[in-house]
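This is what each chain is made of:
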Amino acid sequence: MLHDHDRNKKYYKGIRAAVSRIKARGERVVVLDIGTGTGLLSMMAVTAGADFCYAVEVFKPMAEAAQSIVKKNNFSDKIKIINKHSSDVTVGPDGDMQEQANLLITELFDTELIGEGALPSYEHAHQHLVKAGCEAVPHRATVYAQLVESELLWRWAQLEPVEVEGARLVPPPAVGRCPGAHSVCDIQLSQVSPTSFTPLSPLCTMFSVDFSKPVSSAFQSHSTSFVAQSGGRAQVVLSWWDLDMDPSGTIVCSMAPSWMYPQPTMAPWRDHWMQSVYFLPVETQVAEQEELSLTVCHDDYSLWYNLQSHSLQDVRAKTPQSRPSCTCQAHLVWNRPRFGELNDRQRTVSYIAALRSVLAEDRVCLSVSDGSLLPVFAHMLGAKKVFSLENSRMSKQVIEEVLEANSVKGGVELLEIRPEQLTSQDLGGEQISVLLGEPYFSTSLLPWHSLFFWYCRTALAGLLRPDATILPCSASLHVVAVEFQDLWRIRAACGTCEGFDVSPMDEMVQRSLDFRESREAEPHPLWEYPCRALTQSAALMTFDFTQCVPEQPISSRGSLPFIRIGRCHGVALWMEYHLTDDVTVSGGLTQPISEQGTCEWSRHRKQGVYFLRSAWDSSGDGGAAVSYSFTFEPSLGDIKMDFSISDQ
């Protein structure tokens, strides 16, 4: 966030204007800065002429960093850091604040605007901490929304039918009727092409909040009417917000995706604030020129949307719209990327082709993956008997409902048993001839955490026939060195920010990176964070699932020469699963790297990112390379890695 120069500049401009307005009234400027973080906004206020600032920060390490930064910039006599939640701050001779403030500065916003508790914090501040008629920076927030049809986005909310050998696997009716998960889906909408959705409404202004006046955190709803500009299926609401830093709205900080700008490349970088995707409770067919009403409701922490036909608007407006919540269990078992993965037709075709090649009428199958449709596919493809290990009762219930919806209840025997606890008796004395896995486990964070399948295969070895087929038969770990367009900023030192020395913040971050865990890879959905390959991709390690997990570590060393000019920020890592000798499914790159180094990433799974301590400028002539060292530790179930730059 400190790297967002446009945000910082507009806050600074808004603060200077607010301080000037108060001074023009002949008043002292006393600032309350809630969620001060580094103390940046308080230092801006003092520099602009504020007489005193009370800077509130609840997170102790951050408050300590702010104290150091304020001292380093010689503002200790004008800024008091208060390490409390703002609702615990007191005012009075013996209180945290000697007097109420007349300038309220905050940055309490998340992707959904109010998800970090902005409304309760503002409500309390106006009741107890600031004077009536105070100035506020930002002065106002406005929420915008657009109704769209999008097959791509809708696949993240509903299970689609699947064709299996001429038969149609349909989702349970309860899933289709379910309004879905209540939490917002926050993504980088700039990375969702406008060609992947059809706008059904104009961009609608839904509501505004004036932060200079008392704010309520109670339930509210706001509706806007419009005429459908196109016919189609109303499925999804895209939403974002703007901040007006001044009352006149001349200093605007916008969260709009880049494709809303006349020139998308001119949009300011702002990945730390994403945009919101809301899935309507029910898909509705709308006609062009139909009169509609879109309603947004919010409580103290979240928003949700409903669509009404104009003729029904008055009737429905009398009834408060309840916050959507999952009633089918599926949205609790499968997160949104998982829905997208289950609905990926090409991926499904690959699994069905692989299953078809290994199944026969005498085959007994056991599936080990969380909430997977593979055992259902295996039954539909004619396996003699299919068992599936489910990690939870809820997951088991969802798959049971899938079976029942397709009139094959009992076709798969679902067992809520851990692999190491499974016995021959649980399998009715059957030996397993095909062990299946996607693999997918809901607890996996990094790509190689799905190697848990290998440990399950090892635990089940005594129940497998000697000639048992393992699907996937192996997996491989892949790597490519990359230049990030923007993601590098989350690790880059700030040094000086808008003229203020924030190096104590850099030092705090660096100390956290000195822990071993922070020197390893971290998960990121790279389809949302563009990068360019500077080396070829390579398979570093292969894991043979036809064999049990070895007792000894598996190591790999080598190097990747730079073949493109650019600045290397780190490497991207992913797994590929070899279902059979001929069928592979990737959790990373979905297309070959282009000649320019463009990478296309899976939208369903996160990739691993290992950031170099210092970026490296590549000349692209092969004279330098990324050297790597990997060790898979069977006893830990994890991979230790190290990267460095070396001369060739």
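Scroll up for the structure.
Residues numbered from 1 in each chain as written. Predicted model: local features only at pLDDT ≥ 70, side-chain atom pairs only at ≥ 80, totals over all residues. Heavy atoms only, no water.

### A few points about the overall build of the protein chain
What counts is decided by this rule: In DSSP terms, a helix is any run of H or I states spanning at least four residues, a strand is any run of E spanning at least two, and both are numbered starting from the N terminus. Our radius of gyration is a C-alpha quantity, and the globule rule it is checked against amounts to 2.2 Å times the number of residues to the power 0.38. Summary of the burial criterion: residues with accessible area below 20% of their type's maximum are buried, those above 50% are exposed, and those between are partly exposed, where the area comes from a 1.4 Å probe applied to protein chains only. Contact between two residues is taken to exist if any of their heavy atoms lie within 4.5 Å; hydrogens are not considered.
Helix and strand counts for the protein chain stand at 14 helices and 34 strands. A compact globule built from 648 residues should have a C-alpha radius of gyration of about 26 Å, and the protein chain, at 28 Å, falls within 12% of that. Taken over the C-alpha atoms alone, the protein chain extends approximately 90 × 70 × 50 Å along its principal axes. Counting every position in the protein chain, which comprises 648 residues, the buried fraction comes to 55%. By sequence separation, contacts in the protein chain at least 24 residues apart represent 78% of the contacts at least 6 residues apart.

### Let's talk about the side chain of Ser-602
Put simply, the rule is: Any pair of N or O atoms that falls within 3.5 Å is considered a polar contact. Within protein, one atom must be able to donate a hydrogen and the other to accept it, and sequence-neighbouring residues count only if both atoms are side-chain atoms.
Note on placement: Ser-602 falls in the loop between strand 31 (584-586) and strand 32 (607-618). Of the polar contacts made by the side chain of Ser-602, one reaches the backbone nitrogen of His-604; its length is 3.1 Å. Residues within four places of Ser-602 in sequence aside, it is in contact with Trp-527, Ser-586, Gly-587, Gly-588, Thr-590 and Gln-607.

### What about the pairing of strand 23 (residues 474-484)?
Consecutive side chains of a regular strand alternate in pointing toward one face of the sheet and then the other. Going by this rule: Strands pair, by our definition, only if DSSP identifies at least two bridges between them.
Along strand 23, 10 of the 11 residues are buried, which leaves the element largely enclosed by surrounding structure. Sheet topology places strand 23 next to strand 28 (residues 538-544); 6 bridges connect them, and they run antiparallel. Bridging across to strand 28, Leu-477 finds its partner in Met-541. Pairing of strand 23 with strand 30 (residues 566-578) involves 9 bridges; the strand directions are antiparallel. Across the sheet, the residue bridging to Ser-476 is Glu-576, located in strand 30.

### Description of the nonpolar core
For clarity, the cut-off: Nine residue types can take part in a nonpolar core, namely buried Ala, Val, Leu, Ile, Met, Phe, Trp, Tyr and Cys, and a core is a set of them joined through side-chain atoms within 4.5 Å.
Grouped together as the largest cluster of nonpolar side chains are 125 residues, with contacts concentrated most on Leu-32, Phe-109, Leu-238, Tyr-305 and Trp-601. Examining the composition of this core, we find that 7 residues originate from one element, strand 13 (residues 232-244), more than from any other. In contact with Trp-601, other than residues within four places in its own chain, are Val-480, Leu-526, Trp-527, Cys-531, Ala-572, Trp-574, Gly-588, Leu-589, Thr-590 and Gln-607. By size, the runner-up hydrophobic cluster in this structure holds 91 residues, among which are Ile-352, Val-402, Leu-477 and Val-479.

### Thoughts on the sheet that holds strand 17 (residues 303-309)
Using the following cut-off: Throughout, an axis means a line fitted to C-alpha atoms (over the contacting stretch in the case of helices), and angles, computed between N-to-C directions, take values from 0 to 180 degrees.
The strand order across the open sheet built from 3 strands is 12-16-17, with neighbouring strands paired in antiparallel fashion. Both edges of this open sheet fall to strand 12 (220-227) and strand 17, since each of them pairs with a single strand only. Taking each pair of neighbouring strands and ignoring which way they run, the sheet shows an average axis angle of 20°. With 7 bridges connecting them, strand 16 (residues 291-298) and strand 17 associate as antiparallel partners. Residue Thr-295 lies in a different strand from strand 17, and its bridge partner there is Asn-306.

### Digging into unusual backbone geometry
In this structure, Pro-138 follows Val-137 across a cis peptide bond, with omega equal to 0°. On the secondary structure map, Pro-138 appears in the loop between strand 5 (130-137) and strand 6 (140-149). Phi angles above zero are rare outside glycine, and Gln-289 is one such case at about 75°. Along the chain, Gln-289 falls in the loop between strand 15 (275-286) and strand 16. Note on Gln-289: relative accessible area 55%, which makes it exposed. In this structure, Glu-498 is a non-glycine residue whose phi angle is positive, near 55°.

### Concerning the sheet that holds strand 29 (residues 554-561)
Across the sheet, 3 strands lie side by side as 29-33-34; this open sheet has antiparallel pairing. Each edge of the open sheet carries a strand with a single partner, namely strand 29 and strand 34 (638-647). Taking each pair of neighbouring strands and ignoring which way they run, the sheet shows an average axis angle of 15°. Where strand 29 and strand 33 (residues 624-633) come together, 8 bridges link them in antiparallel fashion. Bridging from a neighbouring strand, Arg-557 pairs with Ser-629 of strand 33.

Any functional reading would require information that these geometric values do not contain.
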